[in-house]
Amino acid sequence: TFPTHPIPLVLSSDTGKVMVKFGASGNVKPGHSVTAVNKQPVSGLYTANDKPILDVINDPASYPLTITFGRTKASANEKLMLASIFHSLFAIAAQISPVEQSSGIKELHTEKFTLRCFQTITGVKFFVIVDQKQTGCEHLLRRIYELYTDYVLKNPFYPIDMPIRCELFDQNLRKVIEQVERTTVYNSATLA
Amino acid sequence: MSKDEENKLVYGMLHSLKSFVGRISPDTSDAFQSYQTNNYRLTMYETPSGVKFVMNTSLELPLQATRDILHSLYKEVYVEYAVKNHMLSLQTPINSDLFKDKLEAFIHSKMRE
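Residues numbered from 1 in each chain as written. Chains lettered and ligands numbered in written order. Predicted model: local features only at pLDDT ≥ 70, side-chain atom pairs only at ≥ 80, totals over all residues. Heavy atoms only, no water.

Glancing now at the overall build of chain A. Across its full length, chain A carries five helices and eight strands. Moving toward the C terminus, one meets the helices and strands of chain A in the order β-β-β-β-α-β-α-β-β-β-α-α-α. In terms of C-alpha radius of gyration, chain A reaches 22 Å, well past the compact-globule figure of 16 Å for 192 residues. Each principal axis of the C-alpha atoms in chain A carries an extent, and together these give about 65 × 50 × 40 Å. A buried classification covers 34% of the 192 residues belonging to chain A. When the accessible surface of chain A is totalled, it reaches about 12,300 Å², and 55% of it is carbon and sulfur. The average position of the 20 basic charges and that of the 17 acidic charges among the side chains of chain A differ by 3 Å. (Helix = DSSP H or I, 4+ residues; strand = E, 2+ residues; numbered from the N terminus. Rg over C-alpha atoms; globule rule 2.2 N^0.38 Å. Buried < 20%, exposed > 50% of the residue type's maximum accessible area, 1.4 Å probe, protein only. Areas by Shrake-Rupley, 256 points an atom, 1.4 Å probe, with all protein chains shown as cover. Lys, Arg positive; Asp, Glu negative; His and termini not counted. Charge placed at Lys NZ, Arg CZ, Asp CG, Glu CD.)

Shown next as structure tokens:
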């Protein structure tokens with residue numbers, strides 16, 4: 001809730017949503033987008049009353065104003081884009097290897113997470129995003145590969161290379177992930 | 001592949017990796033640190049001023065050790081012999097023999113550990 005204009009955040013609207021580009025306030029960080037203004041959900045760049053959100057925010061007369069921010073989930077298109085970017089990075093990593101005959105990226109480390117990838121003999125890649133301390137990813141990725149061949153490829157109604165919308169695949173995937181979460185041993189030293 | 005082409009490929013790859021990590025991460029302020037394949041590990045260290053140090057190592061060396069090496073390299077070799085040398089332009093490939101010698105000595109001392 002912001003009592004007065006101006007607010008300590010820099011907003012941009014180039015992705016079709018009003019997003020925080022710079023600045024932080026409380027829990028709101030860059031990357032969050034506006035989900036509601038004065039408790040009424042927004043649609044695209046307009047509030048529920050069909051006014052452009054940026055106009056409402058820049059108008060001192062509308063304060064005090066309550067803006068709700070949330071992290072937007074990646075849309076299906078964005079997921080496809082990210083996956084194809086990863087596919088190219090994987091291939092380039094194999095090419096710039098100082099040693100002959102390298103595979104592509106098997107693990108990718110950042111400050112906050114680790115990405116582990118498994119490539120099948122047919123070239124399909126499965127990757128998971130996990131915490132640094134997560135173990136047993138190889139096993140998890142192989143289980144996912146098994147589920148993929150069983151519930152997706154053997155499904156005669158599944159169009160090849162389209163986003164997967166098979167219920168049985170989703171159900172069993174959820175079960176496998178819950179199993180991994182249950183059997184993850186938390187090192188007591190790291191909990192402290 | 002020639003040195004030039006390889007450099008451009010690596011630079012382009014690092015740029016894409018950085019933006020990929022920023023988008024796919026649950027936290028947008030995340031930074032790419034390293035990746036490994038079945039043969040080698042590429043570690044990158046980026047300073048707040050935007051200078052990036054990239055190193056390819058074998059997998060035997062643990063990850064934290066390579067990050068520490070890159071950090072000490074920045075501190076002890078780059079800042080001392082490249083930045084503090086006012087005759088050097090940091091925008092072109094560094095042409096100083098002193099810098100090269102110090103860099104080799106640094107790497108050899110780390111290898112002996």
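All names here are of chain B. Along its length, helix α2 (residues 63–83) shows its largest kink, about 35 degrees, at Val77. Those residues of α2 not exposed but buried are Thr66, Arg67, Ile69, Leu70, Ser72, Leu73, Val77, Tyr78 and Ala82. Packing partners of the buried residues in α2 comprise β1 (32–36), β2 (40–46), β3 (52–58) and α3 (97–112). (Bend = angle between axes of the 7 residues up to and from the residue. Contact = heavy atoms within 4.5 Å.)

Quick look at the interface of chain B and chain A now. Each side of the interface is counted separately: chain B has 30 residues, and chain A has 33 residues. Note on chain B versus chain A: buried area summed over both sides is about 2,800 Å², and carbon and sulfur give 64% of it. Where chain B packs against chain A, one counts zero salt bridges. Viewed at the interface, chain A and chain B are joined by 12 residue pairs in polar contact (both at pLDDT 80 or more). Put simply, the parts of the chain that give the side of chain B that touches chain A at least two residues each are α1 (3–24), β1 and β2 of chain B. When residues in the side of chain B that touches chain A are grouped by element, the largest group, 10 residues, is from α1(B). (Buried area = accessible area lost by both parts, 1.4 Å probe. Salt bridge = Lys/Arg side-chain N within 4 Å of Asp/Glu carboxyl O. Polar contact = N/O pair within 3.5 Å; in protein donor to acceptor, adjacent residues only side chain to side chain.)

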